[in-house]
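Observations on the model geometry
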Amino acid sequence: MTLQEEITRRRTFAVIAHPDAGKTTLTEKLLLFGGAIHVAGAVKSNKIKKGATSDFMEIERQRGISVATSVMGFEYQGRKINILDTPGHEDFAEDTYRTLTAVDSVIIVIDGAKGVESQTRKLMDVCRMRQTPVIVFVNKLDRPCKDPFDLLDEIEKELRIRVRPLSFPISSGDTFKGVYNIYEKNLTLFTSDERQTADASTVEINDLASPELDEYITERYANQLREDTELVEGVYDAFDREAYLRAELAPVFFGSAVNNFGVKELLECFIRIAPSPRPAPTETRIVEPAEAKMTGFVFKIHANMDPNHRDRIAFLKICSGTFERNKNYLHVRSGKQMKFSSPTAFMAEKKSIIDFAYPGDIVGLHDTGNFTIGDTFTEGEKLKFTGIPS
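The following paragraphs examine the structure supplied in this document. Every chain is numbered independently, its residues counted from 1 as its sequence is written. Selection of residues for local features in this predicted model requires a pLDDT of at least 70, selection of side-chain atom pairs for listing and counting requires 80 or more, and totals for whole chains, interfaces and linings are taken over all residues. Remark: hydrogens and water are excluded; side-chain values derive from all non-hydrogen atoms of the structure.

Looking now at helix H6 (residues 148–159). Only runs of H or I of at least four residues qualify as helices and only runs of E of at least two qualify as strands under DSSP, and these elements are numbered from the N terminus. Every helix has an expected span of 1.5 Å times one less than the residues it contains. When the terminal C-alpha atoms of H6 are compared, their 16 Å separation across 12 residues agrees well with the 16 Å that a helix rising 1.5 Å per residue should span. If you check which residues of H6 are buried, you get Pro148, Phe149, Leu151, Leu152, Glu154, Ile155 and Leu159. Polar contacts, as counted here, are pairs of nitrogen or oxygen atoms within 3.5 Å of one another; within protein the pair requires one atom able to donate a hydrogen and one able to accept it, and residues that are adjacent in sequence qualify only if both atoms are side-chain atoms. Of the residues that open H6, the one with a side-chain oxygen 2.9 Å from the backbone nitrogen of phenylalanine 149 is aspartate 147. Backbone geometry just downstream of H6 places arginine 160 in the positive-phi region, at approximately 50°. Burial classification: accessible surface area is computed with a 1.4 Å probe over protein chains only, and a residue below 20% of its type maximum counts as buried, one above 50% as exposed, and the rest as partly exposed.

All right, on to helix H5 (residues 118–130) then. Helical geometry note: an α-helix holds 3.6 residues per turn, so side chains three or four residues apart project in the same direction. With 13 residues, H5 should reach 18 Å at 1.5 Å per residue; the first-to-last C-alpha distance of 19 Å fits that figure. Within the sequence span of H5, burial applies to Gln119, Thr120, Leu123, Met124, Val126 and Cys127. Buried residues in H5, looked at end-on, bunch into an arc of 155°, giving them a common side. Where H5 terminates, the next one or two residues include glutamine 131, which has phi positive at roughly 55°. This arc is built from the directions going out from the helix axis to the C-beta atoms.

Take the pairing of strand E3 (residues 79–85) next. Within E3, 6 of the 7 residues are buried, which leaves the element mostly enclosed by the surrounding structure. Paired strands, in this sense, are two strands between which DSSP finds at least two bridges. Two strands pair when backbone bridges link them, and strand E1 (residues 10–17) and E3 are joined in this way by 6 bridges, in the parallel orientation. Bridging across to E3, alanine 14 finds its partner in leucine 84. Sheet topology places strand E2 (residues 70–76) next to E3; 7 bridges connect them, and they run antiparallel. When the bridges of E3 are listed, methionine 72 appears paired with isoleucine 83.

Here we take up the side chain of glutamate 265. You can see glutamate 265 is positioned in helix H9 (residues 263–273). This buried residue, glutamate 265, is left without a salt bridge; lysine 264 holds the nearest opposite charge, at 7.4 Å. Residues are treated as being in contact if the distance between any of their heavy atoms lies within 4.5 Å. Not counting residues within four places of it along the chain, the set of residues in contact with glutamate 265 comprises Asn181, Thr188 and Phe253. This count recognises Lys and Arg as positive and Asp and Glu as negative, with His and chain-terminal groups excluded. By convention in these notes, a salt bridge is any Lys or Arg side-chain nitrogen within 4 Å of a carboxyl oxygen on Asp or Glu.

Moving on: the environment of arginine 130. Here arginine 130 is to be found in helix H5. The exposure class assigned to arginine 130 is partly exposed, which follows from its relative accessible area of 26%. Setting aside anything within four residues of it in sequence, one finds arginine 130 in contact with Leu100, Thr101, Arg278 and Gly387.

A word on the pairing of strand E14 (residues 295–303). Along any regular strand the residues' side chains alternate between the sheet's two faces. Of all the 9 residues making up E14, 7 are buried; the element is thus mostly covered by neighbouring parts of the structure. Note that E14 and strand E15 (residues 312–320) share 8 bridges and pair antiparallel. Within E15, the position partnered with lysine 300 by the bridge is phenylalanine 315.

This brings us to unusual backbone geometry. With a phi angle near 50°, glutamine 77 is a residue other than glycine that sits in the positive phi range. Locating glutamine 77 in the fold gives a position in the loop between E2 and E3. One non-glycine residue, serine 171, lies in the positive phi region at around 65°. Within the secondary structure layout, serine 171 lies in the loop between strand E7 (167–170) and strand E8 (178–181). In this structure serine 171 comes out as partly exposed when scored by relative accessible area, which is 27%.

Honestly, that's just the spatial picture; any functional story needs more than this.
Here is the structure:
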């Protein structure tokens with residue numbers, strides 16, 4: 001594959017939310033669809049002793065929250081997906097702000113019962129400042145939720161961005177029937193048994209007027225759905241991908257991550273519309289991903305990832321060119337040439353040594369204390385990437 005093809009097939013994004021909105025659960029389910037894990041373990045669930053894949057540090061297991069950003073990569077339908085799961089807890093907000101410098105787009109998770117919360121607003125401000133495209137996932141529809149239209153209004157008002165629902169829920173809580181995918185024009189029926197695997201039943205219904213719909217979800221809910229979707233089409237402009245990429249419009253999806261519901265719709269639409277790696281600003285010029293020479297910056301340093309060794313790992317975001325193992329790169333701040341014999345790629349705590357990495361990828365470099373956040377690596381050019389909170 002050419003460098004350009006590698007760039008085009010990459011999607012690097014972060015999942016952000018207020019604590020407890022279900023962010024780590026959503027990340028798990030995305031990994032499940034990507035085939036990266038085979039059983040999802042909810043962070044707080046005792047049914048599965050496995051524990052959530054992205055929460056692997058001891059403190060996270062004890063507190064049931066994500067404190068450090070985990071990086072997870074997997075392949076899905078020919079795309080290379082890099083997810084950065086961020087802590088929602090405000091004690092760890094700085095980590096999240098830094099992570100947002102390393103992603104090309106964001107999925108914001110909102111609790112359907114609580115709506116937009118304080119931390120969500122703060123994180124959205126950072127996305128707005130950086131013009132990062134966002135997709136909103138309204139979660140926990142298996143519990144009683146606010147009216148979907150009220151939620152959409154609240155998201156517009158509180159996050160100060162236009163919205164466009166691309167799926168729509170049929171009721172919520174005990175009477176939750178499923179989600180109609182407006183983007184694909186099909187219906188996914190809800191069957192809750194805390195699905196741990198990736199197979200929700202989907203019914204292709206291209207015409208909402210068809211009496212088939214009444215059979216599936218009863219006449220009452222079928223009529224409600226027809227009214228709702230008519231309202232959606234009437235009130236909201238058609239989805240405009242360019243406006244989404246300019247961060248002026250947020251597509252909205254509904255679902256229940258813990259029941260694996262609405263996640264596949266989100267993922268399939270995401271890989272189609274989300275941006276591949278974007279140009280990165282430095283103090284002197286803009287770096288384009290397709291440039292031949294490698295550039296990248298350290299956006300996070302993580303100590304003690306491996307409990308057996310007192311190691312530190314620097315997370316390097318590749319911005320352009322191809323990163324190669326055992327090749328000399330200039331560490332701009334110190335002026336020294338460095339080469340890395342064991343750069344790693346991540347699947348939460350599972351690390352594997354890689355020979356090549358491309359723009360959008362996150363590479364782990366073993367750090368003996370030489371690196372600080374914001375450090376730049378190049379093939380000789382003296383660059384400094386901007387916008388990284390140190």
